[in-house]
Amino acid sequence: MVEIKKKTQKKNPLSLRDKKTRKEQSSNLKRSSSISSNGNREKKIKDASATKNDILQAAIEIFVEHGFVRSTLEQIAAKANVTRGAVYWHFKNKHDIFEALHEALHQPLTASILEDMQKNCDDSLCQLEKLCVKLLVDLDNDEMRKKILKIFLCKCDYSCGMEDILEKQRKRKLKNIDLFSQYFDRAKKNKNLPTTLDPKITAISLVCYMSGIVTEYLRNPQLFNLKKQAPHLIGQFFAAFKS
C-alpha cells in the first residue's frame, strides 16, 4: 500500500509581513479616529461652555438695562448673538438664568470665607474685619460682580413666581451667616467678646450692615470711595467690640 504524503504548503514570509503591516495600519487608524473623536468631543464641550457663558454675560447686560421683569429671552439671545433655541438648550427659562447668576456670585463669596477660615489666627475678630474690608474692595474692583449685584438688589422686585429663587437665596445667606458666626464664636471662646453676646445674632447684624453698605454703594456710587473708605466703614462696626 502506497502512503500518500500530504504536501505541506509553505507560508509566504512576505504575506505575513503584509498582514502585520495591515494590522498595524488598522490599529493606527482606529487610534487616530479615537483621538479625533475625543478632540471633537472636547471642542464641543468647550464650545457649549463658551455659548453658555456668552448667554450669561448677555443676560447681565439686558437685566441691568431693562430690569429682570421687562427683559426677554429674545433680547438675551440677540445680545449673545445666538438663537433662542441655544438659550433653551442651556436654560429652562429666564428664572433659570437668574438663578445661575446668583450661584455664580455666591460660590466665590463662600469660597473666600472658607479659605480665610483655614488660616490660623488668634484674633478672629481682627481676621473677620480684614476679610470684610477685602470683600468690599474686591467688589469695587470687579465691574461684572457689581452689575450682578445691582440686578439682585436694584433691578428685581422678586414678584412673578420668584418664590423658589428667594428660598434658595435665603438658604445661601443663612450659610454665610453661619460661617460668619463661627468667627464670633471663636472670639467668644478666646474671651475677646462678652459671654452674653450671641454669635449668630452678631453675624446677622454684620450681614445686614454690609448689605446696607453694598446697596447704597450700588445706588449712589458717587457717594463712595470703597478703596479708601472700606476700612473705616467696617471699622465702625467692629469698634463696638474693642471698647
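See the structure printed just above.
The present account deals with the structure reproduced in this document. The structure presented is a predicted model; accordingly, all values stated were derived computationally and were not measured.

Ranked by size, the top nonpolar core spans 56 residues in total, and within it Ile 97 and Phe 184 carry the most contacts. Within the residue set of this core, elements represented by two or more residues are α1 (13-66), α2 (73-80), α4 (94-117), α5 (124-141), α6 (143-154), α7 (163-189), α8 (199-219) and α9 (226-242). Leave out the neighbours within four places in its chain, and Ile 97 touches Ile 55, Leu 56, Ala 59, Phe 63, Leu 73, Ile 76, Val 87 and Phe 91.

This model, assessed by the stated rule, comprises 12 salt bridges. Between Glu 103 and Arg 172 there is a salt bridge; the shortest N-O distance is 2.5 Å. Here Arg 172 lies in helix α7 and Glu 103 lies in helix α4, a separation of 69 residues in the sequence. Residue Glu 103 is classed as partly exposed on the basis of its relative accessible area, which comes to 25%. In this structure, Lys 119 and Asp 116 form a salt bridge, with 3.5 Å as the shortest nitrogen-oxygen distance. Taking relative accessible area as the criterion, Asp 116 reaches 8% and is therefore assigned buried. One continuous salt-bridge network, built from bridges that share partners, spans Glu 99, Glu 103 and Arg 172.

A rise of 1.5 Å per residue sets the reference length of α6, with its 12 residues, at 16 Å; its end C-alpha atoms lie 16 Å apart and thus fit the reference within 8%. Those residues of α6 that sit buried are Lys 146, Ile 148, Leu 149, Ile 151 and Phe 152. Of the residues flanking the start of α6, the one acting as N-cap is Asp 142, its side-chain oxygen 3.2 Å from the backbone nitrogen of Met 144.

What follows is about the packing of α5 against α9. Where α5 contacts α9, the two axes come as close as 9 Å, and the packing angle between them is 155 degrees. The angle between α5 and α9 places the two elements in the roughly antiparallel class. At the point where α5 passes α9, the crossing takes the right-handed sense. Across the interface between the two elements, Leu 125, Leu 128, Glu 129, Cys 132, Val 133, Leu 136, Val 137, Asp 140 and Asn 141 of α5 pack against Leu 226, Lys 227, Ala 230, Pro 231, Ile 234, Gly 235, Phe 238, Phe 241 and Lys 242 of α9.

This next bit is on unusual backbone geometry. With glycine set apart, most residues show a phi of negative sign, and most peptide bonds adopt trans. Phi is positive for Asn 81, which is not a glycine, with a value near 60 degrees. The residue Asn 81 is located in the loop between α2 and α3 (84-90) in this model. Asn 81 gets classed as exposed once you look at its relative accessible area, which sits at 69%. Its identity is not glycine, yet Lys 191 carries a phi of approximately 60 degrees, on the positive side.

Definitions and limits used
- Residues numbered from 1 in each chain as written.
- Predicted model: local features only at pLDDT ≥ 70, side-chain atom pairs only at ≥ 80, totals over all residues.
- Heavy atoms only, no water.
- Core = buried A, V, L, I, M, F, W, Y, C linked by side-chain atoms within 4.5 Å.
- Buried < 20%, exposed > 50% of the residue type's maximum accessible area, 1.4 Å probe, protein only.
- Helix = DSSP H or I, 4+ residues; strand = E, 2+ residues; numbered from the N terminus.
- Contact = heavy atoms within 4.5 Å.
- Salt bridge = Lys/Arg side-chain N within 4 Å of Asp/Glu carboxyl O.
- Expected span 1.5 Å × (residues − 1).
- Polar contact = N/O pair within 3.5 Å; in protein donor to acceptor, adjacent residues only side chain to side chain.
- Axes fitted to C-alpha atoms, helices over the stretch in contact; angles between N-to-C directions.
- Parallel < 35°, antiparallel > 145°, perpendicular 65-115°, else oblique.
- Left-handed = near helix turned anticlockwise from the far one by under 90°.

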